[in-house]
Amino acid sequence: MTIDKSWTQIRKRSNSVVFWQGLQSFLQMAKPHVNDRGFIRCPCNRCINNAQHQLEVLETHIHRFGFMSDYNEWIYHGENVNAASSSNVPQPNSGVHDRDEMFEVLEDIISNDAEVDQLGSQSSNVQYDDLFTALNSELYPGVSSFSSLNFLVKLMHLKVMNKWTNKSFDELLKLLKLAFPKMDLVESHYEAKRLMTKMGLGYQSIHVCKNDCALFWNENSMSETCPVCSESRWKMQEGRRTGKNVPHKVLRYFPLAPRLKRLFATSKTTKLMRWHQAGNSTDDNVMRHPVDGRAWKDFDRKHPEFADDVRNVRLGLAADGFNPFNNMSISYSMWPVVLTTYNLPPWLCMKPEYLMLSLLIPGPQSPEKDMDVFLRPLIEELKELWENGIDTRDAGNDRKVFKMRAALLWTVNDFPARSSLSGWSGQGYKACPTCNADTPSMRVIGKTAYFGHRRFLPSTHRWRSNLDFDGRTERKRPPRRFSSVDIMDQLRRVKTSIPGKHPNYGGVKRKRGDDELNWRKKSIFYELPYWAEIELKHNLDVMHIEKNICDSLLGTLMGDPHKSKDTDNARRDLQHLGIRSELHLYEDGNKLMKPAAEYTFSEANRRKFCRFVRSVKFPDGFAGNLSKNVAHNDSRIVGLKSHDCHVIMQRLLPVGCRSLVNKTISSTIIELCTFFNQLCARTVNVTDMVKAQDQLVIILCKLERIFPPAFFDIMIHLVLHLPEEAILGGPVYMRWMYPFERYLKRLKDYVRNAAKPEGSISEGYVVDEALTFCSRYFDDIETRFNRPDRNDDGIHRTSRLFVFESQCKPMGKQSQVYVEKNVRDRAEFYILNNSPEIETYLKVHAPEVTHELLSLASKSNIFVSSYPACIVNRVRFVTHARDVRLKTQNNGVSVPGTENEIFYGQLQQILEFSYLNDFSVVLFKCKWFRCDSRRMVTENNITSINITSESYKDDQFILASQAQQVFYVEDPSRGPNWRVVQHVNHRSIWDITEDGMSDIDLLQDNSSSNFTLFVDLGNLPQINLQRNDGDVIPIVQPFTTVSQHVNKTASFLNDDDEDDVSEEDDETVEESADEETDEGNDDVDTEEDDDDRSYHTSDSD
């Protein structure tokens, strides 16, 4: 039977019935010959039988690209199958390696980009012409292992991974061309980047009014002037346009839908997008992912049709400003808006490879209250993705089409940015967005203090009637719980403001009315149909809260003149309130004197604390070297970044302050630090957070009894709401700014043209995005997805005997040592005693004889290999003799006992015992400390151990695989022979069993239950807050006497005075805070050096 093939020659295919009928006949003939996955070779002019697709993709390809002209016998599709082995049958292109990874890459890209419901036209795929040309070209005549495209993509990937400059890449291309003249390769980096962008997803450039009033987009896309302020769209010079039309500002928008579709386009990620269904915790009391939080579950309950399809996407949004230049003297604030996908497992969703840049808001000014203007394109797309969804091919389900929908769960921002996004001002008497109108606050000299947490106590609590707090009893009820209905009622009373910064329109300052509270606007997020019902809309950023509290605590304890809250005005506040008379300023002749407070270190204690911080050495990769932050004269600690504060707050401050301040003060600080340890755990226990909610009220009340009201800025108060947000959203490491701040550093690295930073970032991001997608398919080069961990041991040996799995990656010089017989006997006895497999022999006497069992039964070699360091289970261990010479500490080990006790020690030797048949066992020889009640003391979750008393001298060995790492810090409260044990849970080790384990951003303890937050609820301590060493601090140039100043400022110190704060004052303070925080982003230099931004209200005298 003759097959009609004339239809394959028809050029005008779009409207040809003959072509359509012939194509359908061809597909019917090919259908019985697909493989077990439903794939078959594609004979279009692009794939030329090199790539395999499903039949529906073949239909699209042939209609778009045409049928290959030299494929005359359809041997792969049903014609003359027996002749498939004939030598004269045309074969797939033999000039290119048949397993080129780029075939699969382009296959997934094209099938993802193709319209699902229509075939489209050939013109819509012109962007792929150059890609297929490079794919079907040999890199060099006779070289079939690389196509030209494959080599170029891998070369560009090396450039990005190793941060080559554009010029160095151009020079490399010239050298390759000079050495291999026949090489089919681009001439410059510009041409390579242009080719890579065709595999990217692109972006849209949207013009913006110079005053941020509106976007020239959609209905305003053709306008020449701003619809709000009537300013010209274009830059003008002397009233005229400057030749080519140049817009004042350009917003870069990176469409969300195609980026979400690409996550399902490849089998590399589509399975991960379903993780949240199978990976959620089976214990309702345990949270390890946002899916376990109450907010996620409540959203599923309210929107069951959305929750029914596990592939529907849950998003989180982060926006922050940063300076793209290395020169911080240049004032410039650019605001990226970044999205993360919470469908992914917890070790992936915060990795930079899975973060998506959505908007790039241009500088040089911060958008502030006009953030909604720039968010408009993203909100419109989110509404479309929620209401209608988008057809998406699922590579994990035979490329079947499903309707993908997406929802925004919450935002993650620092507090100033939160004000811009939510519409609730973070300034004034009602700054707390949770307490709302009932924010506890009072006016002190020069600022607002968020003081008065006794109102959160039960109405009958005895502390409510105590006058030592602020000189009065507390009768106010706890703040009300504001529901979504209450919030919407408040927003209905908010007046609509004109956007922009034009002095005659949006730039006009207005005074908020009493009924508007602290609302500046109704956020654009409320246009999302589901937003009003979400329980947790805007997360409080734990990173910045912890940093600011650490700065306040450490600055006050150290008496830092720049960060201490114990200012002269703070003492005047005490005098006006009539409390703590021992701390009042007093006159000594013509000088004004300030008594030294008990909550500040003396000069000697300040130096002790600095020496303590200087002495601390952390394990490899745990934290930065804090000794660099201690001043040379041991008088100050300066330059702390966010991660430094994180470590000091949770590891060092509780230990260092115990012997340097009053026990009541130190125990209160330790209780606060213990709460942050609980909160930042990788797994959060709901019961712990419920208890912490009540205990934090007691802690804050105790702090109010110790520190002056000026100490309590808004950050101190916000701590009270963190446990509730943890219950709603799950673990904080997926809801804080650390990963997003580090992502800003990556965006900053894209800037190659300082005159056009936004354009540089946009172009660099699109290329990097394409290379990241391609690198998922590469196994023969190192990529972001397969590069080994810093402490990767590279050992995956499996053995039938447990002891032979105790292997390591040795480091340093190997030496052969002779082990005395009695020592080797003890070591071999330990090995045998830890081999459960030989129990069969002990019971039956006739076990199955294997090479491993035979090797174990034989004696080990009398010479043993010794190493100074090794890596075991992705953890680096170093012997004590070598560790003392290093800046890090990796010799601490611990091992659990048989009765739930824990033994602590120091690693003395790393020994590898060799057996027959190349089997070996690695043992750690350790010095074990005595752990009885006299030499190991645990108090307030702090375990101290005496290192001079050694135990188990005849039982020093453990298997290397049994060791758990700890590190030791000095214990100033107990003496030079005592050390505090600090446990380590490494980033690359997870309790959740899953393929593709990876690290997260910080080192946290595995569970919040590892810390017991115990708050003393006894009688309120009556302490004298004046330090008993008699120190006083003279105040230079007092402007008036104490009594005159108190009378002069009495009107400002009224707890009931809640005068409205105008938006003019409000925005001025927020603008200064934004500028400070934007500049701080340049501190994000490494993965340990994070954003150094602070949010402080001023302490003006």
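Residues numbered from 1 in each chain as written. Predicted model: local features only at pLDDT ≥ 70, side-chain atom pairs only at ≥ 80, totals over all residues. Heavy atoms only, no water.

### A closer look at the overall build of the chain
Thought 1: Secondary structure assignment for the chain yields 31 helices and 35 strands.
Thought 2: The buried share of the chain, taken over its 1101 residues, is 58%.
Thought 3: Taking contacts inside the chain between residues at least 6 apart in sequence as the whole, the part at least 24 apart equals 70%.
Thought 4: Carbon together with sulfur atoms contributes 48% to the accessible area of the chain, which is approximately 46500 Å² in total. (Helix = DSSP H or I, 4+ residues; strand = E, 2+ residues; numbered from the N terminus. Buried < 20%, exposed > 50% of the residue type's maximum accessible area, 1.4 Å probe, protein only. Contact = heavy atoms within 4.5 Å. Areas by Shrake-Rupley, 256 points an atom, 1.4 Å probe, with all protein chains shown as cover.)

### Regarding the packing of aromatic side chains
Thought 1: With the rule as written, the count across this model stands at 42 aromatic pairs.
Thought 2: Geometrically, the ring pair formed by tryptophan 424 and tryptophan 519 is edge-to-face, given 5.0 Å between the ring centres and 85° between the ring planes. Of the two residues, tryptophan 424 sits in the loop between helix 14 (415-422) and strand 15 (442-444) while tryptophan 519 sits in the loop between helix 15 (484-492) and strand 17 (538-540), which places them 95 residues apart along the sequence. One exposure class covers both tryptophan 424 and tryptophan 519, and it is buried.
Thought 3: Put simply, the rings of Trp7, Phe19, Phe26, Phe67, Tyr71, Trp74 and Tyr76 pair up and form one aromatic cluster. (Phe/Tyr/Trp six-rings, centres within 6.5 Å; stacked < 30°, edge-to-face > 60°.)

### Here's the deal with the nonpolar core
Thought 1: In this structure, Leu260, Phe609, Leu653, Leu672 and Phe676 are the most contacted members of the largest nonpolar core, which totals 187 residues.
Thought 2: Residue contributions to this core peak at 11 residues, all from helix 21 (residues 686-706).
Thought 3: Those residues in contact with leucine 260 that lie beyond four places of it in its chain are Val313, Leu315, Thr341, Met356, Leu385, Met404 and Ala406.
Thought 4: By size, the runner-up hydrophobic cluster in this structure holds 56 residues, among which are Leu131, Phe132, Ala134 and Leu173. (Core = buried A, V, L, I, M, F, W, Y, C linked by side-chain atoms within 4.5 Å.)

### Examining helix 8 (residues 257-265)
Thought 1: Taking burial as the measure, the nine residues of helix 8 include eight buried ones, the bulk of the element.
Thought 2: Within helix 8, the full set of buried residues consists of Ala257, Arg259, Leu260, Lys261, Arg262, Leu263, Phe264 and Ala265.

### Examining the sheet that holds strand 9 (residues 313-319)
Thought 1: If you walk across this open sheet you meet the eight strands as 4-3-7-11-10-9-14-17, and the pairing is mixed. Each end of this open sheet is capped by a strand with a single partner; those strands are strand 4 (215-216) and strand 17.
Thought 2: Relative to strand 7 (residues 249-253), strand 3 (residues 204-208) runs antiparallel, the two sharing five bridges. Its bridge partner lying in strand 7, glutamine 204 is registered against tyrosine 253.
Thought 3: Helix 13 (residues 371-387) contacts strand 3, strand 4, strand 7, strand 9, strand 10 (335-341), strand 11 (356-361) and strand 14 (406-413) of the sheet and is inclined by roughly 145° relative to strand 11. (Pairing = 2+ DSSP bridges. Axes fitted to C-alpha atoms, helices over the stretch in contact; angles between N-to-C directions.)

### Overview of the sheet that holds strand 24 (residues 869-872)
Thought 1: If you walk across this open sheet you meet the three strands as 21-24-25, and the pairing is antiparallel. The sheet terminates laterally at strand 21 (809-811) and strand 25 (875-878), the two strands that pair on one side only. On average, each strand axis in the sheet is tilted by 25° relative to the strand beside it, whichever way the strands run.
Thought 2: With four bridges connecting them, strand 24 and strand 25 associate as antiparallel partners. Across the sheet, isoleucine 871 pairs through a bridge with arginine 876, a residue of strand 25.

### Overview of the pairing of strand 9
Thought 1: Counting buried positions over the seven residues of strand 9 gives seven, a clear majority of the element.
Thought 2: A two-sided burial pattern is seen for strand 9, the buried positions comprising Val313, Leu315, Leu317 and Ala319 on one face and Arg314, Gly316 and Ala318 on the other.
Thought 3: Pairing analysis gives six bridges linking strand 9 to strand 14, with the strands arranged parallel. The residue of strand 14 that forms the bridge with alanine 318 is valine 412.
Thought 4: Of the strand pairs in this sheet, strand 9 and strand 10 are connected by five bridges, and their pairing is antiparallel. From the neighbouring strand, alanine 319 faces strand 10, where its bridge partner is valine 337.

### Points about the pattern of salt bridges
Thought 1: Taken as a whole, this structure holds 52 salt bridges when the rule is applied.
Thought 2: Residue glutamate 380 pairs with lysine 383 through a salt bridge whose shortest N-O separation is 3.6 Å. Of this pair, glutamate 380 and lysine 383 both sit in helix 13, three residues apart, roughly one helical turn.
Thought 3: On the basis of relative accessible area, glutamate 380 is assigned to the partly exposed category, the value being 28%.
Thought 4: Here aspartate 620 and arginine 790 are joined by a salt bridge, their closest N and O atoms 2.7 Å apart. One end of the pair, aspartate 620, is in the loop between helix 18 (603-615) and helix 19 (642-656); the other, arginine 790, is in the loop between helix 25 (757-775) and strand 21, and 170 residues separate them in sequence.
Thought 5: Of the residues examined, aspartate 620 reaches a relative accessible area of 12% and is grouped as buried.
Thought 6: Overall, arginine 790 belongs to the exposed group, its relative accessible area being 59%.
Thought 7: Where salt bridges share partners, they join Asp212, Lys249, Lys369, Asp370 and Lys501 into one cluster. (Salt bridge = Lys/Arg side-chain N within 4 Å of Asp/Glu carboxyl O.)

### With respect to unusual backbone geometry
Thought 1: Residue proline 364 is reached from glycine 363 by a cis peptide bond, and omega for that bond is 10°.
Thought 2: Relative to the assigned elements, proline 364 resides in the loop between strand 11 and helix 13.
Thought 3: A positive phi is found at asparagine 873, a non-glycine position, where the angle reads about 50°.
Thought 4: Relative to the elements of secondary structure, asparagine 873 occurs in the loop between strand 24 and strand 25.

### Here's the deal with the packing of helix 20 (residues 663-679) against helix 23 (residues 722-729)
Thought 1: Running from N to C, helix 20 and helix 23 point in directions that differ by 10°, and their axes come no closer than 11 Å. Between helix 20 and helix 23, the crossing angle belongs to the class labelled roughly parallel. Residue-level contacts link Phe675, Phe676 and Leu679 of helix 20 to Leu722, Pro723 and Ala726 of helix 23.
Thought 2: When the residues that make up the contact of helix 20 with helix 23 are grouped by side-chain class, the tally is six nonpolar, no polar and no charged. (Parallel < 35°, antiparallel > 145°, perpendicular 65-115°, else oblique. Nonpolar A, V, L, I, M, F, W, Y, C, P; charged D, E, K, R; others polar.)

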